[in-house]
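Residues per chain are reported as follows:
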Amino acid sequence: MLDRIFDYLDFHFSLEAVIVLLILVLLEALLSADNAIALAAIAKGLEDKELERRALNFGLVVAYVLRISLILTATWVQQFWQFELLGAAYLLWLVFQHFTSEETKDDHHHGPRFNSLLQAIPVIAFTDLAFSLDSVTTAIAVSQEKWLVLTGATIGIITLRFMAGLFIRWLDEYENLEDAGYVTVALVGLRLLLKVVNDSLVPPEWIMIAAIFLILGWGFSKRVSTELPQVEPEKSEVSK
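- By the naming in an unreviewed UniProt entry, the protein goes by DUF475 domain-containing protein and is assigned to Nostoc cf. edaphicum LEGE 07299.
- Quoted verbatim from the Subcellular location (unreviewed entry) field of UniProt, the annotation for the protein is "Membrane".
- Taken from UniProt, the Sequence similarities (unreviewed entry) comment for the protein reads in full: "Belongs to the TerC family."

## What about the nonpolar core?
Note that soluble globular proteins tend to have their nonpolar side chains buried in a common cluster.
Next, step 1: Formed by 53 residues in total, the largest nonpolar core has its most connected members in Leu 56, Leu 91, Ile 124, Phe 167 and Leu 177.
Next, step 2: Those elements that provide at least two residues to this core are α3 (33–43), α4 (49–72), α5 (74–77), α6 (81–100), α7 (117–142), α8 (146–173), α9 (177–197) and α10 (205–219).
Next, step 3: Take this core: its biggest share by element is 10 residues, from α8.

## A closer look at the UniProt feature "transmembrane region" (unreviewed entry) in the protein
Next, step 1: According to UniProt, the positions carrying the feature "transmembrane region" (unreviewed entry) are residues 17–43, 55–74, 117–141, 147–168 and 203–220.
Next, step 2: A distance of 27 Å separates the end C-alpha atoms of residues 55–74, which is 95% helix and 0% strand.
Next, step 3: Regarding residues 203–220, the helix share stands at 83% and the strand share at 0%, and the terminal C-alpha atoms are separated by 25 Å.

## Topic: the environment of Leu 46
Next, step 1: If you trace the backbone, Leu 46 turns up in the loop between α3 and α4.
Next, step 2: Relative accessible area serves as the criterion here: at 8%, Leu 46 is assigned to the buried category.
Next, step 3: The residues contacting Leu 46, other than those within four sequence positions of it, are Leu 51, Glu 52, Ala 55, Phe 114, Ser 116, Leu 117 and Ala 120.

## Let's talk about α10
Next, step 1: Between its first and last C-alpha atoms α10 spans 21 Å; for 15 residues at 1.5 Å apiece the expected length is 21 Å, and the two agree.
Next, step 2: Three or more residues of α10 are buried, namely Glu 205, Met 208, Ile 209, Ile 212, Ile 215, Leu 216 and Gly 219. The buried residues of α10 occupy an angular sector of 130° when the element is viewed end-on, so they sit on one face. In this structure, α10 carries Trp 206 and Leu 214 as exposed residues pointing more than 90 degrees from its buried face.

## Overview of the pattern of salt bridges
Next, step 1: The full count for this structure, using the stated rule, is 7 salt bridges.
Next, step 2: Put simply, Lys 44 and Asp 172 hold a salt bridge, and the shortest N to O gap is 2.8 Å. Of this pair, Lys 44 sits in the loop between α3 and α4 while Asp 172 sits in helix α8; the two residues are 128 residues apart in sequence, bridging distant segments of the chain.
Next, step 3: For Asp 172, the salt bridge goes to Lys 49, with nearest N and O atoms at 3.2 Å. A residue pair is termed long-range when its members are at least 10 positions apart, and Asp 172 in helix α8 and Lys 49 in helix α4 qualify at 123 residues.
Next, step 4: What you see here is one network of salt bridges that share partners, running through Lys 44, Lys 49, Glu 52 and Asp 172.

## So, α3
Next, step 1: Counting buried positions over the 11 residues of α3 gives 11, a clear majority of the element.
Next, step 2: When α3 is considered as a whole, its buried residues turn out to be Ala 33, Asp 34, Asn 35, Ala 36, Ile 37, Ala 38, Leu 39, Ala 40, Ala 41, Ile 42 and Ala 43.

## Observations regarding the environment of Arg 223
Next, step 1: With respect to the helices, strands and loops of the structure, Arg 223 is situated in the segment after α10.
Next, step 2: What makes Arg 223 exposed here is its relative accessible area of 52%.
Next, step 3: In this structure Arg 223 touches Glu 173, Tyr 174 and Glu 175, once residues within four positions along its chain are discounted.
Next, step 4: Of the polar contacts made by the side chain of Arg 223, one reaches the side chain of Tyr 174; its length is 3.0 Å.

## Let's talk about the environment of Leu 91
Next, step 1: Relative to the helices and strands, Leu 91 is located in helix α6.
Next, step 2: Residues Leu 91 and Phe 131, spaced 40 residues apart in sequence, show a C-alpha to C-alpha distance of 8.1 Å.
Next, step 3: Residues contacting Leu 91, with those up to four places away along its chain left out, are Thr 127, Ala 130, Phe 131, Val 185, Val 188, Gly 189 and Leu 192.

Definitions and cut-offs
Residues numbered from 1 in each chain as written. Predicted model: local features only at pLDDT ≥ 70, side-chain atom pairs only at ≥ 80, totals over all residues. Heavy atoms only, no water. UniProt positions renumbered as here; feature names shortened; annotations may be inferred. Core = buried A, V, L, I, M, F, W, Y, C linked by side-chain atoms within 4.5 Å. Buried < 20%, exposed > 50% of the residue type's maximum accessible area, 1.4 Å probe, protein only. Helix = DSSP H or I, 4+ residues; strand = E, 2+ residues; numbered from the N terminus. Contact = heavy atoms within 4.5 Å. Expected span 1.5 Å × (residues − 1). Arc of directions from axis to C-beta. Salt bridge = Lys/Arg side-chain N within 4 Å of Asp/Glu carboxyl O. Polar contact = N/O pair within 3.5 Å; in protein donor to acceptor, adjacent residues only side chain to side chain.

Set out below in structure tokens:
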């Protein structure tokens, strides 16, 4: 029974497999920065720190199940360009919604507001799935062994949860970070769209990574200014 499972997953452990796994984990970490910002910004729509944390936890559990399903059916999914078109349209819609929505005065947040946890969880899960359409293709190009890609995806989702938690805090500290994150989301959406139009037009991975780092550098370039309340000096009464 186990040998059949291992054969299906192409399970062959070797030093080369360890190196490939490290490459997959590194790629997941590098390509998850824009995803983490988007998920953090979505979670902030709940306006409650505890609900934000729970939304990320539950949303990424659902996202993990969808990722695994995508990996196991990747060969079939790649035959239909419509999936990539839907993913591109969804990500570009998120970007459009972000830049056209009104900014709240208290925390400079764009984007959707949620009244309950159940509203946020599907948005988080499907946003990660749209990103996965691009990252899973990259992972499969690195290794055809399913167990390596599955292990990389597992470590990647844990890394994504950690990074999203950091970005939730940083979004309150850096004024341009949320906008920078959505610019990188637009890059991923356009990359998926180019895959549908003409795969030869898709820029190489190193250009995407360099562009993401430059945009995030701008995002971290300006801290939120906090104005201290002005305290008027007390007037001392002079007794005659």
